[in-house]
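In case you want the letters, here they are:
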Amino acid sequence: MSTVPITKFGAELLKQELHTLKTKERPAVINAIAEARAQGDLSENAEYDAAKERQAFIEGRIAELEGKLSSAQIIDPSELDAEGRVVFGATVALEDLENGQKVSYQIVGEDEADIKVSKVSITSPIARALIGKYAGDVVGVQAPAGVREYEILDVKYL
């Protein structure tokens, strides 16, 4: 089984979700099923069907999270020493050479990627173009509208 990189922060979020599902959601749905069973005929009991469906979702999500955490290679970006090179977990400041717009992205695992908070997946075109480069390098990124060129302004390991 291959390992999947994830930042320390991303792993903590998955662990918190798993804990919540096991300690709050699972017991709540078990109680809901017991209450629905107490109402009698299960063949026409919508509450029972909904609770069983919710239970299946929760159990599936628990199994998914446990699988992800067991195959995770947890990387703490603050402990990296890549000598200024862009690597997994690095936060990269970029300037779009076409319009001068400056952006900053952290390269993270697929499960924690969220462009709204400037986190891009290691498998994204921009992350693949940046990996291994240094501040001052110019990279071409294949975007839907064509190739965009960015200059790497700074690389940090936060």
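Residues numbered from 1 in each chain as written. Predicted model: local features only at pLDDT ≥ 70, side-chain atom pairs only at ≥ 80, totals over all residues. Heavy atoms only, no water.

Draft legend 1. Just the pairing of strand 3 (residues 91-96), in detail. Summarising the sheet, strand 3 and strand 4 (residues 102-108) pair through 5 bridges and their orientation is antiparallel. Note that in strand 4 the partner of Glu95 across the bridge is Lys102. Taking the residues between adjacent antiparallel strands as the criterion, strand 3 and strand 4 are bridged by 5 residues, where Gly100 takes a positive phi near 75°. Two elements, strand 3 and strand 7 (residues 146-156), share 6 bridges in a ladder whose sense is antiparallel. (Pairing = 2+ DSSP bridges. Helix = DSSP H or I, 4+ residues; strand = E, 2+ residues; numbered from the N terminus.)

Draft legend 2. Just the nonpolar core, in detail. Of all hydrophobic cores here, the largest spans 19 residues; its most connected members are Val86, Val92, Leu94, Ile107, Ile126, Leu130 and Ile152. Those elements that provide at least two residues to this core are strand 3, strand 4, helix 3 (125-130), strand 6 (138-143) and strand 7. The element best represented in this core is helix 3, accounting for 4 residues. Setting aside anything within four residues of it in sequence, one finds Leu130 in contact with Val86, Val92, Leu94, Ile107, Val139 and Ile152. The next biggest cluster of nonpolar side chains, apart from the first, holds 15 residues, and it includes Ile6, Ala11, Leu14 and Ile58. (Core = buried A, V, L, I, M, F, W, Y, C linked by side-chain atoms within 4.5 Å. Buried < 20%, exposed > 50% of the residue type's maximum accessible area, 1.4 Å probe, protein only. Contact = heavy atoms within 4.5 Å.)

Draft legend 3. Here's a closer look at unusual backbone geometry. Unusually for a residue other than glycine, Glu83 sits at a positive phi of about 55°. Tracing the backbone through its elements, the reader meets Glu83 in the loop between strand 2 (72-75) and strand 3. Although it is not a glycine, Ser118 sits at a positive phi angle of roughly 60°. You can see Ser118 is positioned in the loop between strand 4 and strand 5 (119-121).

Draft legend 4. Here's a closer look at the environment of Ala90. Along the chain, Ala90 falls in the loop between strand 2 and strand 3. Taking C-alpha positions, Ala90 is 8.8 Å from Ser78, a pair spaced 12 residues apart along the chain. With sequence-adjacent residues up to four places away left out, Ala90 is seen in contact with Tyr105, Gln106, Ile107, Val155, Lys156 and Tyr157.

Draft legend 5. Expanded view of helix 2 (residues 46-70). For helix 2, built from 25 residues, the straight-helix expectation of 36 Å at 1.5 Å per residue is met to within 8% by its first-to-last C-alpha distance of 36 Å. By the burial criterion, the buried members of helix 2 are Tyr48, Ala51, Ile58, Arg61, Ile62, Leu65 and Leu69. Residues of helix 2 that are buried sit in contact with helix 1 (8-38) and strand 2. One side-chain oxygen of the residue at the start of helix 2 lies 3.1 Å from the amide nitrogen of Glu47, identifying that residue as Asn45. (Expected span 1.5 Å × (residues − 1). Polar contact = N/O pair within 3.5 Å; in protein donor to acceptor, adjacent residues only side chain to side chain.)

Draft legend 6. Broad picture of the packing of helix 1 against helix 2. With their axes 9 Å apart at the nearest point, helix 1 and helix 2 run at an angle of 155° to one another. If you check the angle between helix 1 and helix 2, you find them roughly antiparallel. Helix 2 is crossed by helix 1, and the crossing has left-handed handedness. Counted by class, the contact of helix 1 with helix 2 contains 15 nonpolar, 1 polar and 13 charged residues. (Axes fitted to C-alpha atoms, helices over the stretch in contact; angles between N-to-C directions. Parallel < 35°, antiparallel > 145°, perpendicular 65-115°, else oblique. Left-handed = near helix turned anticlockwise from the far one by under 90°. Nonpolar A, V, L, I, M, F, W, Y, C, P; charged D, E, K, R; others polar.)

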